[in-house]
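Coordinates in review
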Amino acid sequence: MLPEDAERRQVLEHHARRILGAAGYQRIETPTFEATELFSRGVGEATDIVQKEMYTFDDAGGRSITLRPEGTAPVCRAYIEHGMHKLPQPVKLWYLGAFYRHEAPQAGRYRQFWQVGAEVIGSAAPTADAELIVLLAELLEALGVRETRLRLSSLGTPETRAEYREELRAFLRANQDRLSDEVRSRIDANPMRAFDSGDPSTREVMAGAPTLLDRLSGEDAEHFAEVRRLLDDAGLRYELDPTLVRGLDYYTRTVFEFNSDALGAQSGVGGGGRYDRLMEQLEGPPTPASGWAAGIERMLLAAGELPIARDPVDLYVALADPAAGPQAFELAYEARRAGLSAQLELAGRSLKGQLKHAGRLRSRYVAIIGSEPHIGLKDMEAGEQRELEPAAVIPTILRGSRL
Ligand code: AMP
């Protein structure tokens, strides 16, 4: 992350903090690595993430550890470990940090990438899902992420899904000679992934496949209808996409994803959904929950110009005589303690070079210290200079008055 990237990220973080903070979400940060078992259990053995993408190794004590590939399982682990179920529910959390997936790097896809995420733990309400979705929409809008589309679906409960999967497996087997080798080999392990396939013949078959949205049970259908009603009321547009499969196993009911058509092949900017059974899978108390994660690099790629406010420099301390170094050091130090931003000549430039550099930094004032007892203070805006007692320099700048 180079300095100019850091500035744009800071703008993003500022918006995330503002938008999520205003809705009562509190910041949480979990460790960079966890026991491998957390992810194999929490994310799901059959997922691409667990099968192919985790950085897993044994530490010196022979424990298998994994660089976190995602944030939800660790947040749930923290919720369980720190007894957060005893707090007033739901617990609303957000995080921002680096995640790791072993995949072929390309534009918008990295092996270390950053995500901002939000989770509502301890609420089964459709309102929680809708709130999370509108908050992510607000963040994308605040950043000026271009050409976004929201896709929405529901996966029902694991039971409905299991029945549907059997139906889908039967359908895939009946059509297996027209499926790609990869899809055919995963009919048993993960039939839903067939909807993700780019293979033309597989796509043709899948156009006629039964969809889970048509098989939702009464309560799941009601939950989904309510989420949709809330989003409609908020005026948020979405596409229903019954083929939306997220790469993680733990989702139940609502799932969603924002894509940006301003990006290339890797168009997903953020997504998430409800994961009512995850907490039990991690041996915690049964706790319904919902959340999302959004990729910081992708959001910034798809964002327009962000207003970067450069930190102003109040004072540049220049040396007319190298012997005045200690006095210059002290003046810059005192200026900073007085609340000003102050920089010091560190490169041995000529006085002319120093003034030019101060101009590049857009410093408001330059103090010129030489062998005389007084200090020259130059107002860079007005172009005027005055000789001052050393003790008068900082008060003069603080008053901000013209010289
Ligand atoms: P996921 O946890 O897979 O749902 O990912 C959520 C978001 O994180 C995606 O929409 C992307 O914006 C971002 N993301 C996921 N994997 C990567 C990666 N390898 N490099 C960059 N961003 C990623």
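Rules and cut-offs
- Residues numbered from 1 in each chain as written.
- Predicted model: local features only at pLDDT ≥ 70, side-chain atom pairs only at ≥ 80, totals over all residues.
- Heavy atoms only, no water.
- Helix = DSSP H or I, 4+ residues; strand = E, 2+ residues; numbered from the N terminus.
- Rg over C-alpha atoms; globule rule 2.2 N^0.38 Å.
- Contact = heavy atoms within 4.5 Å.
- Areas by Shrake-Rupley, 256 points an atom, 1.4 Å probe, with all protein chains shown as cover.
- Lys, Arg positive; Asp, Glu negative; His and termini not counted.
- Charge placed at Lys NZ, Arg CZ, Asp CG, Glu CD.
- Salt bridge = Lys/Arg side-chain N within 4 Å of Asp/Glu carboxyl O.
- Core = buried A, V, L, I, M, F, W, Y, C linked by side-chain atoms within 4.5 Å.
- Buried < 20%, exposed > 50% of the residue type's maximum accessible area, 1.4 Å probe, protein only.
- Pairing = 2+ DSSP bridges.

1. What about the overall build of the protein?
- Summing up its helical and strand segments, the protein has 14 helices and 16 strands in all.
- Taking 2.2 N^0.38 as the reference for a compact globule, 403 residues should give roughly 22 Å; the C-alpha atoms of the protein span a radius of gyration of 28 Å, well beyond that estimate.
- Taking the principal axes of the C-alpha coordinates as reference, the protein spans close to 95 × 50 × 45 Å.
- For the protein, contacts bridging at least 24 residues in sequence account for 68% of all contacts bridging at least 6.
- Carbon and sulfur atoms provide 50% of the accessible area of the protein, an area that totals close to 19,500 Å².
- Across the protein, the mean location of the 49 positive side-chain charges is 3 Å away from that of the 61 negative side-chain charges.

2. Comments concerning the pattern of salt bridges
- Taken as a whole and assessed by the stated rule, the structure comprises 32 salt bridges.
- Note that Lys92 is salt-bridged to Glu131, the shortest N-O span being 3.8 Å. Of this pair, Lys92 sits in strand β5 (residues 91–100) while Glu131 is found in helix α5 (residues 126–142), placing the two residues 39 residues apart along the sequence.
- Put simply, Arg215 and Glu167 hold a salt bridge, and the shortest N to O gap is 2.6 Å.

3. Observations concerning the nonpolar core
- Formed by 87 residues in total, the largest nonpolar core has its most connected members in Val116, Leu139, Leu168, Phe258, Trp292 and Met299.
- Looking at this core element by element, the count peaks at nine residues for α5.
- What Met299 contacts, discounting residues up to four positions off in sequence, is Leu12, Val116, Leu139, Leu140, Leu143, Val145, Val269 and Ala294.
- In this structure, Ala324, Ala367, Leu388 and Ile397 belong to the second largest nonpolar core, which totals 19 residues.

4. Things to note about the pairing of strand β15 (residues 375–379)
- Among the five residues that make up β15, four are buried, leaving the element largely enclosed by the rest of the structure.
- Alignment of strand β14 (residues 363–369) against β15, held across four bridges, turns out to be antiparallel. Bridged to Ala367 within β15 is Leu377.
- Hairpin connection, β14 to β15: the antiparallel pair is bridged by five residues.
- Here β15 runs beside strand β16 (residues 384–388); their pairing, made up of five bridges, is antiparallel. Counterpart to Lys378 in the pairing with β16 is Gln385.
- Between the end of β15 and the start of β16, which pair antiparallel, lie four residues, with Gly383 showing a positive phi angle near 75°.

5. A short note on the environment of Glu372
- Locating Glu372 in the fold gives a position in the loop between β14 and β15.
- Looking at Glu372, the relative accessible area reads 44%, which means it is partly exposed.
- Along the backbone, Glu372 and Asp321 are 51 residues apart, and their C-alpha atoms lie at a distance of 9.6 Å.

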